[in-house]
Amino acid sequence: MDTRRALLSALESGPVSGPALADELGVSRAAVWKAVEGLREEGFAVESAADGYVAPADPAYCAAGIEFGLDAPYVVEYHERLPSTNDRARTLAADGGTDVAVVADEQTGGRGRLDREWVAPSGGVWVSVLTRPAVAPARAPLFTLAAAVAVADACREAGVDATIKWPNDVLVAGSDRGNRNDGDGRGGHKLAGILTEMEGEADRVSWLVVGVGVNANLDPETLPAGATSLRAERGEDVDRRRFLARLLERYAELAADPDAVLPAWRERANTLGRRVRVETPGGIVTGRAVDVEPPGALVVETDEGRTRVHAGDCEHLRDADAR
Ligand code: BT5
């Protein structure tokens, strides 16, 4: 473990004496001091007290702040502004990196699926997790579903009743309050989206980047029609540091236990049991969504029988909608 990491984890359990930590790690006192200064430069305001260094009471949203107390196996790379955290994670992947969560306060070139734009001003939670799971590429969709569950759970812990629309949207359903940016008209407002990208060979994923965008402390008026935010739903800002830590912890938990993903997804899904219209690469499928099957296919009961949809844009229909 490097000095920075060791210092961060030592700070979790109270004041840290510089000389004692230097002895424990077998590094110089100057090295510990440098690590303290490094954390401060990152924005993690370590204090000096009589009995040693003390963690800030309310850590900032920065790399060390997010890593502080984080129970997930990722190094956090934080940027004030990036074109896209997915692009940055892909660059790290090309350089051989892994187990990194790239976070930006603002994205200037955020991407949705199919090269759509993702609006990502300062105040949101924009993160891409780079891993190299030992699975076949066909299993990759499970990680998208895992991320959707992780987002839904983090939102629920923050007091917002989020549900999942197949395959990758996290929505807030229900009553139309005046503070949302309307335009959806189908009972759901988009709180978060997920963009999964990967490279792999026939039998093995080489790298996997799961990009998650959550409209956290934003006003829906600054977002596309049909969007909502945690701020709008809760009526106050969320602690992005805690929210993101929970999201990453839940994602890591599910990524390590793939069998738990589908049952958890089904429980939080808003799509199952509803009439849907899915635009797939092979055409439009309309019917009732009845299940999701490994590794993430939507099972739709159509007039012609059951069909499995592996990718596409899904719209929830009112029962009366005739198409
Ligand atoms: C998605 O695409 O929902 C995936 C979004 C993934 C964004 C994350 S942020 C971190 C990482 N870095 C990136 O560059 N991307 C990922 P899709 O299902 O294609 O939905 C895109 C559509 O959602 C757009 O065409 C807009 O209509 C709408 N949209 C754009 N920005 C939005 C926002 N902030 N909130 C809600 N809806 C939005």
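Quick notes on the rules
Residues numbered from 1 in each chain as written. Predicted model: local features only at pLDDT ≥ 70, side-chain atom pairs only at ≥ 80, totals over all residues. Heavy atoms only, no water. Helix = DSSP H or I, 4+ residues; strand = E, 2+ residues; numbered from the N terminus. Buried < 20%, exposed > 50% of the residue type's maximum accessible area, 1.4 Å probe, protein only. Polar contact = N/O pair within 3.5 Å; in protein donor to acceptor, adjacent residues only side chain to side chain. Contact = heavy atoms within 4.5 Å. Near = heavy atom within 4 Å. Nonpolar A, V, L, I, M, F, W, Y, C, P; charged D, E, K, R; others polar. Pairing = 2+ DSSP bridges. Axes fitted to C-alpha atoms, helices over the stretch in contact; angles between N-to-C directions. Domains from an automatic or database assignment. 1 Å grid on protein atoms, 1.4 Å probe; cavity = no way out; pocket = protein on both sides within 12 Å on 5 of 7 lines; lining within 4 Å. Points joined across faces, edges and corners; volume = space filled by probe spheres on them. Phe/Tyr/Trp six-rings, centres within 6.5 Å; stacked < 30°, edge-to-face > 60°. Salt bridge = Lys/Arg side-chain N within 4 Å of Asp/Glu carboxyl O.

Asker: Tell me what's going on with the side chain of Asn168, and back it up with residues and numbers.
Answerer: Considering the arrangement of structural elements, one finds Asn168 in the loop between β6 (162-165) and β7 (169-173). A relative accessible area of 5% places Asn168 in the buried class. A polar atom in the side chain of Asn168 sits 2.7 Å from the backbone oxygen of Ile194. Apart from residues lying up to four places away in sequence, Asn168 is in contact with Arg113, Thr144, Ala192, Gly193 and Ile194.

Asker: Can you break down the site of the ligand residue by residue, with the values?
Answerer: Taken together, 27 residues are adjacent to the ligand, and Ser84, Arg111, Arg116, Val119 and Lys190 come closest. Between the ligand and Thr85 there is a distance of 3.1 Å, counted from a nitrogen atom to a side-chain nitrogen or oxygen. Within the side chain of Asn215, an N or O atom sits 2.9 Å from a nitrogen atom of the ligand. Mapped onto the shell around the ligand, the elements with two or more residues apiece are α5 (85-94), β5 (125-131), β8 (188-200) and β9 (205-214). Take the shell around the ligand: its biggest share by element is four residues, from β8. Here the residues of the shell around the ligand sort into nine nonpolar, 12 polar and six charged.

Asker: Let's hear about the sheet that holds strand β10 (residues 275-280): which residues, and what values?
Answerer: The strand order across the open sheet formed by five strands is β13-β12-β11-β10-β14, and the pairing between neighbours is antiparallel. Strands with a single pairing partner mark the edges of an open sheet, and in this sheet they are β13 (305-309) and β14 (313-317). If you compare each strand with its neighbour and ignore which way they point, the axes differ by 45° on average. Relative to β14, β10 is paired through five bridges, and the arrangement is antiparallel.

Asker: Account for the domain arrangement of the protein chain, naming residues and giving values.
Answerer: A common way to express how large an interface is: the accessible area buried when the components associate. Assigned domains of the protein chain: these are domain 1 (3-54), domain 2 (66-268) and domain 3 (275-321). The straight-line distance from the C-alpha centre of domain 1 to that of domain 3 is 54 Å.

Asker: Which residues make up the layout of surface pockets, and what values do they have?
Answerer: Considering only enclosed or pocket space, the largest pocket measures out at about 880 Å³ in volume. Around the largest pocket, the lining is made up of 45 residues, and of these Arg116, Trp118, Asp169, Lys190 and Gly193 lie nearest the centre. Elements with a minimum of two residues in the lining of the largest pocket: α5, β5, β7, β8, β9 and β14. Sorting elements by how many residues they give to the lining of the largest pocket places β8 first, with five residues.

Asker: Describe the packing of aromatic side chains, naming the residues involved and giving the relevant values.
Answerer: The tally for this structure, following the rule as stated, stands at three aromatic pairs. With 5.2 Å between their ring centres and 55° between their planes, Phe44 and Phe68 make a pair best called tilted. Of this pair, Phe44 sits in the loop between α3 (29-42) and β1 (47-49) while Phe68 sits in the loop between α4 (63-67) and β3 (75-82), and the two are 24 residues apart along the sequence. Taking the relative accessible area as the measure of exposure, Phe44 reaches 0% and is therefore buried. With a centroid separation of 5.7 Å and 80° between ring planes, the pair formed by Tyr61 and Tyr78 is classed as edge-to-face. Separated by 17 residues along the polypeptide, Tyr61 in the loop between β2 (52-54) and α4 and Tyr78 in strand β3 bring together distant segments of the chain. With respect to class, Tyr61 is no different from Tyr78; both count as buried.

Asker: How would you explain the sheet that holds β9 if you had to name every residue and give the values?
Answerer: Spatially, β3-β4-β5-β9-β8-β7-β6 is the arrangement adopted by the seven strands of the open sheet, whose pairing is mixed. The sheet is open, and its two borders are formed by β3 and β6, each paired with just one other strand. For this sheet, the mean inter-axis angle between neighbouring strands, taken without regard to orientation, is 20°. In this structure, β8 lies alongside β9, joined through nine bridges in antiparallel fashion. Looking across to β9, one finds that Met198 is bridged to Leu208. Along the sheet, helix α6 (residues 141-157) makes contact with β6, β7, β8 and β9, crossing β6 at roughly 160°.

Asker: Break down the environment of Thr196 for me, with residues and values.
Answerer: Checked against the element boundaries, Thr196 lands in strand β8. Under the relative-accessibility criterion, Thr196 is labelled partly exposed at 25%. A sequence separation of 53 residues divides Thr196 from Phe143, and the C-alpha atoms of the two residues are 8.0 Å apart. Residues in contact with Thr196, not counting those within four places in the same chain, are Thr144, Leu208, Val209 and Val210. Separated by 2.6 Å, the side chains of Thr196 and Thr144 make a polar contact.

Asker: Could you give an account of the pattern of salt bridges, with specific residues and numbers?
Answerer: Applying the stated criterion across every chain yields a total of 29 salt bridges. Glu42 is the partner of Arg4 in a salt bridge, and the nearest nitrogen-oxygen pair spans 2.8 Å. Within this pair, whereas Arg4 is found in helix α1 (residues 3-11), its partner Glu42 is found in helix α3, the two being separated by 38 residues in sequence. Taking the shortest distance from any N to any O, the salt bridge between Arg40 and Glu37 comes out at 2.9 Å. Placement of both Arg40 and Glu37 in helix α3 is noted, with a separation of three residues, approximately one turn of the helix. Taking the relative accessible area as the measure of exposure, Arg40 reaches 28% and is therefore partly exposed. Residue classification places Glu37 among the partly exposed positions, given a relative accessible area of 23%. Taken together, the shared-partner salt bridges in this structure form one network comprising Asp153, Arg250, Glu253, Glu267 and Arg268.

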